[in-house]
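One letter stands for each residue in the lines below.
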Amino acid sequence: AKSAGKNQYQLFDEETDRMHVRKLELERDLRKALANNELCIYYQPKWDAELDCLTGMEALLRWNHPRLGMVSPAEFIPIAEETGLIVSMTRWVLNEVCIQNREWQKRDIVHVCVSVNMSIRVFESGMLCEMVEESLQESNIDSGSLELEITESIAMYDVQDTIRQLQHLKSLGVRVSMDDFGTGYSSLGNLDEIPIDALKIDQMFIRQSAQPSKQAIISTIIAIAGHLKLEVVAEGVETEEQIGFLQSRGCRVMQGYYYGKPMDTETLEAWLIANNE
Ligand code: C2E
Ligand code: CA
Ligand code: CA
Ligand code: CA
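Throughout what follows, the structure given in this document is the object of discussion. The shown structure was predicted, so the numbers you read here are calculated from the model rather than taken from an experiment. (Residues numbered from 1 in each chain as written. Chains lettered and ligands numbered in written order. Predicted model: local features only at pLDDT ≥ 70, side-chain atom pairs only at ≥ 80, totals over all residues. Heavy atoms only, no water.)

Within the structure shown, the criterion is met by five aromatic pairs. Look at Trp-47 and Tyr-259: their rings are 6.1 Å apart centre to centre, the planes differ by 15 degrees, and that puts the pair in the stacked class. A residue pair is termed long-range when its members are at least 10 positions apart, and Trp-47 in strand β1 (residues 39-48) and Tyr-259 in the loop between β9 (253-254) and α10 (265-274) qualify at 212 residues. One exposure class covers both Trp-47 and Tyr-259, and it is buried. Consider the rings of Trp-63 and Phe-76, whose centres lie 5.6 Å apart with planes at 85 degrees: the pair is edge-to-face. Remark: Phe-76 occurs in helix α2 (residues 73-83) and Trp-63 occurs in strand β2 (residues 53-65); sequence separation between them is 13 residues. A relative accessible area of 0% places Trp-63 in the buried class. A relative accessible area of 0% means that Phe-76 is categorised as buried. (Phe/Tyr/Trp six-rings, centres within 6.5 Å; stacked < 30°, edge-to-face > 60°. Helix = DSSP H or I, 4+ residues; strand = E, 2+ residues; numbered from the N terminus. Buried < 20%, exposed > 50% of the residue type's maximum accessible area, 1.4 Å probe, protein only.)

Rendered as structure tokens:
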């Protein structure tokens, strides 16, 4: 038993080493990923289940690493945040998304608002407003066609400064939504002071929405959104049961594999045609 324990320890040790080496490699390569065109953006539909139409899309970053293949944003975004690369990456995403969306609108392929995920680090950098204004100008897109998704973790930074930046963004006409709602350091206390347009119910709740206790939480989030005059979006919707439940509680906008996975632009354009948009 003693030697087995030792082996297990060694295995664990090697595993930790491998993960460490991978992280160092990703960290090193991420610096070149942007310049080498290894990053691309996938788009996932947001669907209005009541009107049965597309209401928006979310931009999700992808990294096609030359040796490791597709690396998940769940793995490389934290590295980008630690190294500060997230600021230039977000600048690139904002530009790409606005130019792509303008292109779709011009070609009359689709006219919706596209959202971009925003790390707290970008707020801290103090460059967000400038970056957004630049993207809007360069693409010449309507500001209402851009949305930023923030998380409750913004409360970890200076809340007052975040609110100031959000107010500036709102004055430009950009939309803001609160992502992963219900999982963060829930600052319900000042939710009413943060200028947002929508709440996104975290997919963890949707996944477990057969449980009465999770149903209670979902209903409460929908009620809060209603009282604060915010739209509500359900994330990670995969089944008809989930849709039925959400609609019965008054949530009409859904995002999830049931409607469409995140897609590259080519696949998305085919999806739009297939879905009559
Ligand atoms: P998120 O913003 O909460 O995005 C939702 C995630 O859930 C996405 O994972 C999406 O592909 C996945 N998803 C959507 N529908 C379903 C479903 O029905 N079932 C399941 N199981 N999953 C679903 P993804 O694309 O791997 O992104 C992970 C996270 O990485 C995002 O979570 C976001 O926090 C971050 N991220 C992605 N792109 C960016 C970016 O450009 N900037 C920043 N700062 N973060 C990003
Ligand atoms: Ca339709
Ligand atoms: Ca998001
Ligand atoms: Ca989310």
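After that view, the rundown keeps rolling.
Before going further, it helps to examine the pattern of salt bridges. Side-chain pairs of opposite charge can arise whenever the charged atoms involved come near each other. The full count for this structure, using the stated rule, is 20 salt bridges. One salt bridge in this structure joins Arg-18 and Glu-15, with 2.8 Å as the shortest N-O distance. One end of the pair is Arg-18 and the other is Glu-15, both in helix α1 (residues 2-33) and three residues apart, which spans about a single turn. For Glu-15, a relative accessible area of 36% gives the class partly exposed. Between Asp-197 and Lys-170 there is a salt bridge, with its nearest N and O atoms 2.4 Å apart. Of the two residues, Asp-197 is situated in the loop between β6 (175-181) and β7 (198-201) and Lys-170 in helix α6 (residues 159-172); the sequence distance between them amounts to 27 residues. Here Lys-170 falls in the partly exposed class, since its relative accessible area comes to 25%. (Salt bridge = Lys/Arg side-chain N within 4 Å of Asp/Glu carboxyl O.)

What follows concerns the site of ligand 1. Taken together, 20 residues form the shell around ligand 1, and within it Arg-62, Asn-117, Gln-203, Glu-238 and Tyr-257 come nearest. Side-chain polar atom of Asn-117 to an oxygen atom of ligand 1: 3.0 Å apart, as the coordinates give it. Separating an oxygen atom of ligand 1 from a backbone N or O atom of Tyr-257 is a distance of 2.8 Å. Coverage of ligand 1 by the protein amounts to 81% of the 800 Å² it exposes when considered alone. Elements that contribute at least two residues to the shell around ligand 1 include exactly β2, α2 and β6. With four residues, the top contributor of residues to the shell around ligand 1 is β2. Taken together, the residues of the shell around ligand 1 sort by class into eight nonpolar, six polar and six charged. (Near = heavy atom within 4 Å. Polar contact = N/O pair within 3.5 Å; in protein donor to acceptor, adjacent residues only side chain to side chain. Areas by Shrake-Rupley, 256 points an atom, 1.4 Å probe, with all protein chains shown as cover. Nonpolar A, V, L, I, M, F, W, Y, C, P; charged D, E, K, R; others polar.)

Time to look at the coordination of the calcium ion (ligand 3). Taken together, Glu-58 (OE), Asn-117 (OD1), Glu-149 (OE) and Asp-179 (OD) make up the full set of protein donors to the calcium ion (ligand 3), lying 2.2 to 2.3 Å away. Positions of the donor residues of the calcium ion (ligand 3), expressed as sequence spacing, correspond to E-x58-N-x31-E-x29-D. Between the calcium ion (ligand 3) and the calcium ion (ligand 4), the interatomic distance is 4.0 Å, and Asp-179 donates to each metal, bridging them. Of the two residues, Asn-117 is situated in strand β4 (residues 113-117) and Asp-179 in strand β6; the sequence distance between them amounts to 62 residues. (Donors = N, O, S within 2.8 Å, 3.2 Å for Na, K, Ca; no water.)

Taken as a whole, the largest pocket encloses approximately 1200 Å³ of empty space. Along the walls of the largest pocket sit 43 residues, with Glu-58, Leu-60, Asn-117, Asp-179 and Asp-180 positioned nearest its centre. The set of elements that each furnish at least two residues to the lining of the largest pocket consists of β1, β2, α2, α3 (86-106), β4, β6 and α7 (203-207). There is about 220 Å³ of room inside the second largest pocket. The wall of the second largest pocket is formed by 16 residues, among which Thr-55, Arg-175, Glu-231, Val-233 and Val-253 lie closest to the centre. Looking at the lining of the second largest pocket, the elements that each hand over two or more residues are β2, β4 and β8 (231-234). Taken together, the residues of the lining of the second largest pocket sort by class into seven nonpolar, four polar and five charged. (1 Å grid on protein atoms, 1.4 Å probe; cavity = no way out; pocket = protein on both sides within 12 Å on 5 of 7 lines; lining within 4 Å. Points joined across faces, edges and corners; volume = space filled by probe spheres on them.)

The element β2 is largely enclosed, with a buried count of 10 among its 13 residues. Looking at chain direction, β1 and β2 are connected through 10 bridges and run antiparallel. When the bridges of β2 are listed, Gln-44 appears paired with Glu-58. Hairpin remark: β1 followed by β2, antiparallel, with four residues in the connecting loop; positive phi at Asp-52, about 55 degrees. Looking at chain direction, β2 and β4 are connected through four bridges and run parallel. Bridging from a neighbouring strand, Gly-56 pairs with Cys-113 of β4. Inspection of the sheet shows β2 paired to strand β3 (residues 69-71) by three bridges, in the antiparallel sense. Residue His-65 lies in a different strand from β3, and its bridge partner there is Gly-69. (Pairing = 2+ DSSP bridges.)

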